[in-house]
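Fold and contact review
Residue-level listing of the chains:
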Amino acid sequence: MKDYEKIWSNILDRVAVLVSTAAYEIYFMKVKPVALKDGKLILVTDPSVRNAIQRNFAGKLNMAIRESMEKIEGVVIIVKEELSSYVEEGVAESKEEFVPSIKKIVFQKNYTFDNFVIGDSNKYAAAAAKAVAEAPGTNLNPLFIYGMPGLGKTHILHAIGNEILRNHPDMRVYYTTAENFTNDLIYSIRNSNNTELNRQFQEKYRNLDVLMIDDVQFFIGKNSSQESVFHVFNDLYTAEKQIILASDRPVKELTFLDDRLSSRFASGVVADIQPPSFETRVAILQKKAFHYKIDISPEAINYLAEKEKYNIRILEGMLQTVGFFAQLNNRPVDSIEFVMEALRESSGSKTNDITMQKIVEVTCAYFKVKFQDVCGKKKTKELVEPRQMAMYLITEILPEIPLATIGKFFSGRDHTTVIHARDKMQQKTADDPIYRKKAEDIKNLVLNQ
Ligand code: ADP
Ligand code: MG
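Residues numbered from 1 in each chain as written. Chains lettered and ligands numbered in written order. Predicted model: local features only at pLDDT ≥ 70, side-chain atom pairs only at ≥ 80, totals over all residues. Heavy atoms only, no water.

Further remarks concern the sheet that holds strand β5 (residues 173-177). If you walk across this open sheet you meet the five strands as β5-β6-β7-β4-β8, and the pairing is parallel. Strand pairing shows two members of the sheet lacking a second neighbour, β5 and β8 (269-273), which therefore form its edges. If you compare each strand with its neighbour and ignore which way they point, the axes differ by 15° on average. Sitting on the sheet, helix α6 (residues 123-134) is in contact with β4 (143-147), β7 (242-247) and β8, with an inclination near 135° to β8. Across the face of the sheet, helix α8 (residues 178-190) comes into contact with β5 and β6 (210-214) while running at roughly 95° to β5. (Pairing = 2+ DSSP bridges. Helix = DSSP H or I, 4+ residues; strand = E, 2+ residues; numbered from the N terminus. Axes fitted to C-alpha atoms, helices over the stretch in contact; angles between N-to-C directions. Contact = heavy atoms within 4.5 Å.)

Let us now look at the sheet that holds strand β3 (residues 74-79). Pairing in this open sheet of three strands is mixed, and the strands run β1-β2-β3 from one edge to the other. Each edge of the open sheet carries a strand with a single partner, namely β1 (32-37) and β3. Adjacent strand axes in the sheet meet at a mean angle of 30° when their direction is disregarded. Judged from the five bridges that link them, β1 and strand β2 (residues 40-45) form a sheet pairing that is antiparallel. Across the sheet, residue Lys 32 finds its bridge partner in β2, namely Val 44. Along the sheet face, helix α1 (residues 3-18) touches β1 and β2 and points at about 120° away from the line of β1.

A word on the site of ligand 1. Close to ligand 1 lie 18 residues, the nearest being Val 117, Gly 150, Lys 153, His 155 and Glu 316. Here an oxygen atom of ligand 1 sits 2.7 Å away from a polar atom, N or O, in the main chain of Gly 150. Thr 154 has a polar side-chain atom sitting 2.8 Å from an oxygen atom of ligand 1. When the free accessible area of ligand 1 is taken as 560 Å², the share hidden by the protein chains comes to 94%. Looking at the shell around ligand 1, the elements with two or more residues in it are α7 (153-167), α12 (278-291) and α14 (312-328). Residue composition of the shell around ligand 1, by class: eight nonpolar, six polar and four charged. Here the shell around ligand 1 spans two domains, since at least three of its residues come from each of domain 2 (102-273) and domain 3 (278-347). (Near = heavy atom within 4 Å. Polar contact = N/O pair within 3.5 Å; in protein donor to acceptor, adjacent residues only side chain to side chain. Areas by Shrake-Rupley, 256 points an atom, 1.4 Å probe, with all protein chains shown as cover. Nonpolar A, V, L, I, M, F, W, Y, C, P; charged D, E, K, R; others polar. Domains from an automatic or database assignment.)

Side-chain pairs of opposite charge can arise whenever the charged atoms involved come near each other. One pass over the full model with this rule turns up 15 salt bridges. The partner of Arg 172 in a salt bridge is Asp 209, with the nearest N and O atoms 3.5 Å apart. Taken as a pair, Arg 172 in the loop between α7 and β5 and Asp 209 in the loop between α9 (195-206) and β6 lie far apart in primary sequence, 37 residues in all. In this structure, Lys 288 and Glu 316 form a salt bridge, with 3.5 Å as the shortest nitrogen-oxygen distance. In this pair, Lys 288 sits in helix α12 while Glu 316 sits in helix α14, placing the two residues 28 residues apart along the sequence. For the pair Lys 288 and Glu 316, one class covers both residues: buried. In this structure, a network of salt bridges that share partners links the residues Arg 172, Asp 209 and Lys 241. (Salt bridge = Lys/Arg side-chain N within 4 Å of Asp/Glu carboxyl O. Buried < 20%, exposed > 50% of the residue type's maximum accessible area, 1.4 Å probe, protein only.)

The final tally for this structure, using the stated rule, is eight aromatic pairs. Geometrically, the ring pair formed by Phe 325 and Phe 338 is tilted, given 5.5 Å between the ring centres and 45° between the ring planes. Of this pair, Phe 325 sits in helix α14 while Phe 338 sits in helix α15 (residues 336-346), placing them 13 residues apart in sequence. There is no split in this pair, since Phe 325 and Phe 338 are both buried. When the centroid spacing of 5.7 Å and the interplanar angle of 70° are considered together, the rings of Phe 409 and Phe 410 count as edge-to-face. Here the aromatic residues Tyr 27, Phe 28 and Phe 57 are joined through ring pairs into a cluster of three or more. (Phe/Tyr/Trp six-rings, centres within 6.5 Å; stacked < 30°, edge-to-face > 60°.)

Structurally, Asn 311 can be placed in the loop between α13 (298-307) and α14. Residue Asn 311 is classed as buried on the basis of its relative accessible area, which comes to 1%. Separated by 3.4 Å, the side chain of Asn 311 and the backbone oxygen of Pro 149 make a polar contact. With residues near it in sequence (within four places) discarded, Asn 311 still touches Pro 149, Gly 150, Arg 422, Asp 423 and Gln 426.

Inspection of the secondary structure puts Asp 248 in the loop between β7 and α11 (259-266). The exposure class assigned to Asp 248 is buried, which follows from its relative accessible area of 18%. Along the primary structure Asp 248 and Gln 54 are separated by 194 residues, whereas in three dimensions their C-alpha atoms are 32 Å apart. Asp 248 has contacts with Tyr 146, Gly 147, Met 148, Pro 149, Lys 153 and Gln 217, leaving out every residue within four places of it along the chain.

Turning our attention to the side chain of Gln 388. Summarising the element assignment, Gln 388 is placed in helix α18 (residues 381-397). Excluding its chain neighbours within four sequence positions, the residues that come into contact with Gln 388 are His 420, Ala 421, Lys 424 and Met 425.

This brings us to the nonpolar core. Counting 46 residues, the largest nonpolar core has Ile 160, Leu 211, Met 212 and Ile 213 as the members making the most contacts within it. A total of six residues in this core trace back to one element, the largest contributor, which is α6. Here Leu 211 is in contact with Tyr 174, Tyr 205, Val 232, Phe 233, Leu 236, Gln 242, Ile 243 and Ile 244, once residues within four sequence places are set aside. Judged by nonpolar contacts, the second largest core, of 31 residues, contains Ala 390, Met 391, Leu 398 and Val 418. (Core = buried A, V, L, I, M, F, W, Y, C linked by side-chain atoms within 4.5 Å.)

As a further point, take the domain arrangement of the protein. You can read the domains of the protein as domain 1 (3-88), domain 2 (102-273), domain 3 (278-347) and domain 4 (356-448). A separation of 33 Å is found between the C-alpha centroids of domain 2 and domain 3. Opposite the eight residues of domain 2 that make contact, domain 3 presents nine residues. Contact with domain 3 buries surface across domain 2, with Val 117, Gly 150 and Leu 151 losing the most and accounting together for 52% of the total. Our enumeration of links across domain 2 and domain 3 arrives at zero salt bridges. Inspection of the domain 2/domain 3 interface yields three residue pairs in polar contact (both at pLDDT 80 or more). Partitioned by chemical class, the residues of the side of domain 2 that touches domain 3 number three nonpolar, four polar and one charged. (Buried area = accessible area lost by both parts, 1.4 Å probe.)

So, in structure tokens, the structure goes:
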């Protein structure tokens, strides 16, 4: 295999985890690496595929490149006509077609059991996950992992995958999110005249030894997926294959698991993950600091661990911000003052005269709703988005305000409501460019008024 082929193959492994199977097969399998030029990987494909990737998958492709750890400066996607200006003659005209294959799953390398810190909050889930990894398809089946966002569900699923493949390289282990599963299903239904594709869908899921579906709360309200999920689960379960699900909603809210399935689930294991204790947060930060090679003092670690009590993803993000700031300034993270400064810098400096009141006012003006309604107790649909957005933006712009204080500001709501709003909006802004734009617009209005 040539250098550039190897690089692309590694990047593709990451892409496979980040995009739906349909997207992977219709677009990414139609791209062919042809050269490395000035540190950039040159890829060739059809104009329509190039457009689609540039328009819809640029971010994911970039992320895949970063995660693949390949040392390249980027990729250039060209069409066949442009080949000659990028590639010396004679190098790249192997005429063979690029044969699409079934998406290969590669688990995130650093999401292992070794890298997972165990505390009281997650020890039951971790033990169940390890037992399943040792003997998939035996007694802990299905395994259902439940916990709020950022508590390590996806990490555990990948750890199971890594562990199973280490012990049984031949096992067919498949990981997908409920969203990708649904996209995949919709794609195969749309192309229902293509029997080959239908067959591939059926076989892909039914021939597995282990099926993991992450974020199954996505199935709620998606009727078309439910029947299909049911059949896939049923077939696998009957054949004593392992099923593992993760969700940020408890089982009883997952109404898509109809009675037939619920009783099946009763025979399996439900393991929930709770927010980590202070000691666990400290241990996680220490492990991550070691991993990211961040030189940080114990008091700085304690300070961070106090600052975010629930979401490990947020905790890790703060650590990375601080580490990045330290690297820029070429010094260790050795004091609380330095941590505070780093976090202040990253959240946009002049937040002095910005208050919760102001953030809510600007958000209300943006959504054209009344201040007292957004802060009030009413739960009507048109108030939900502005309220969650306002809560989220307060946590972003004024990270020093305790979540309980924010909750109080909104008619004495509980801090868990604020956490839910924050995590939900964070997910939405990450997934959906329209939401991201809304959040950015409001943030700019707040910062510049
Ligand atoms: P979830 O899927 O529950 O939203 P993730 O699995 O994506 O959460 O975890 C978010 C981040 O926190 C990941 O980077 C993960 O490695 C890290 N993390 C969560 N729990 C732990 C833990 N117990 N030990 C080490 N890292 C953890
Ligand atoms: Mg997750």
